[in-house]
Amino acid sequence: MSILEQPTRQHAQPTRRQAQPAKPIMRLDLHNDRNAPMITVSGEVDMSTAHLISELAEHVITGRPARLVLDLSGVTFFSAHGISALLRTQRAAESAEVTLALRAAAPCVTYLLAVTGTCPLRPHTDGLA
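Below is a summary of the structure that appears in this document.

So, how was this worked out
- Residues numbered from 1 in each chain as written.
- Predicted model: local features only at pLDDT ≥ 70, side-chain atom pairs only at ≥ 80, totals over all residues.
- Heavy atoms only, no water.
- Core = buried A, V, L, I, M, F, W, Y, C linked by side-chain atoms within 4.5 Å.
- Buried < 20%, exposed > 50% of the residue type's maximum accessible area, 1.4 Å probe, protein only.
- Helix = DSSP H or I, 4+ residues; strand = E, 2+ residues; numbered from the N terminus.
- Contact = heavy atoms within 4.5 Å.
- Salt bridge = Lys/Arg side-chain N within 4 Å of Asp/Glu carboxyl O.
- Arc of directions from axis to C-beta.
- Polar contact = N/O pair within 3.5 Å; in protein donor to acceptor, adjacent residues only side chain to side chain.

The next subject is the nonpolar core. Among the nonpolar cores identified, the biggest contains 27 residues, and Val41, Val45, Leu68, Val75 and Phe78 are the most heavily contacted of them. Going through the elements one at a time, β2 (37-45), α1 (50-61), β3 (67-78), α2 (80-95), β4 (99-105) and α3 (107-116) are the ones with two or more residues in this core. Among all residues touching Val75, those that are not within four sequence positions of it are Val41, Ser42, Gly43, Val45, Ala106, Cys108 and Val109.

Right under this line is the structure:
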């Protein structure tokens, strides 16, 4: 059998795997509650994500709500950059005369705030937000 007589094979195109969307490192949700806007943070707060918290909070603060609530209960990692973001947010809130309150905080957040002696937020306890 010569080369010309060999049956030709169909060469299949290599298939690409459908890339699954990566799980986000951090997620921010803004809820406009009737009592106060609330920013819910979940995931990792580190040098690549912390600034997003203060940027969103500063955007909300420009609307001059009486109070802004931060929910940090879903945070899985919290670095010093997170503390900086909270302090920046607190300064922006104070200058706009907006009360900044902490609704809940994950253990990694409360631990780092306690160890560093930083407690920039008041606990939010009225349960309305």
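Let us keep going from here.
Time to look at the pattern of salt bridges. The tally for this structure, following the rule as stated, stands at three salt bridges. Residue Arg88 is joined to Glu58 by a salt bridge in which the shortest nitrogen-to-oxygen separation is 2.8 Å. With Arg88 in helix α2 and Glu58 in helix α1, this pair connects stretches of sequence that are 30 residues apart.

Quick look at α3 now. Looking only at α3, the buried set comprises Val109, Leu112 and Leu113. The buried residues of α3 occupy an angular sector of 100° when the element is viewed end-on, so they sit on one face. With respect to the buried face of α3, the exposed residues turned more than 90 degrees away are Pro107, Tyr111, Ala114 and Val115. Of the surrounding secondary structure, the elements contacted by the buried residues of α3 are β3, α2 and β4.

This next bit is on the side chain of Thr89. Counting through the fold element by element, Thr89 comes out in helix α2. A distance of 2.8 Å separates a polar atom in the side chain of Thr89 from the backbone oxygen of Ala85. The contacts of Thr89, once residues within four sequence positions are left out, are Ile53, Ser54, Ala57, Ile61 and Leu100.

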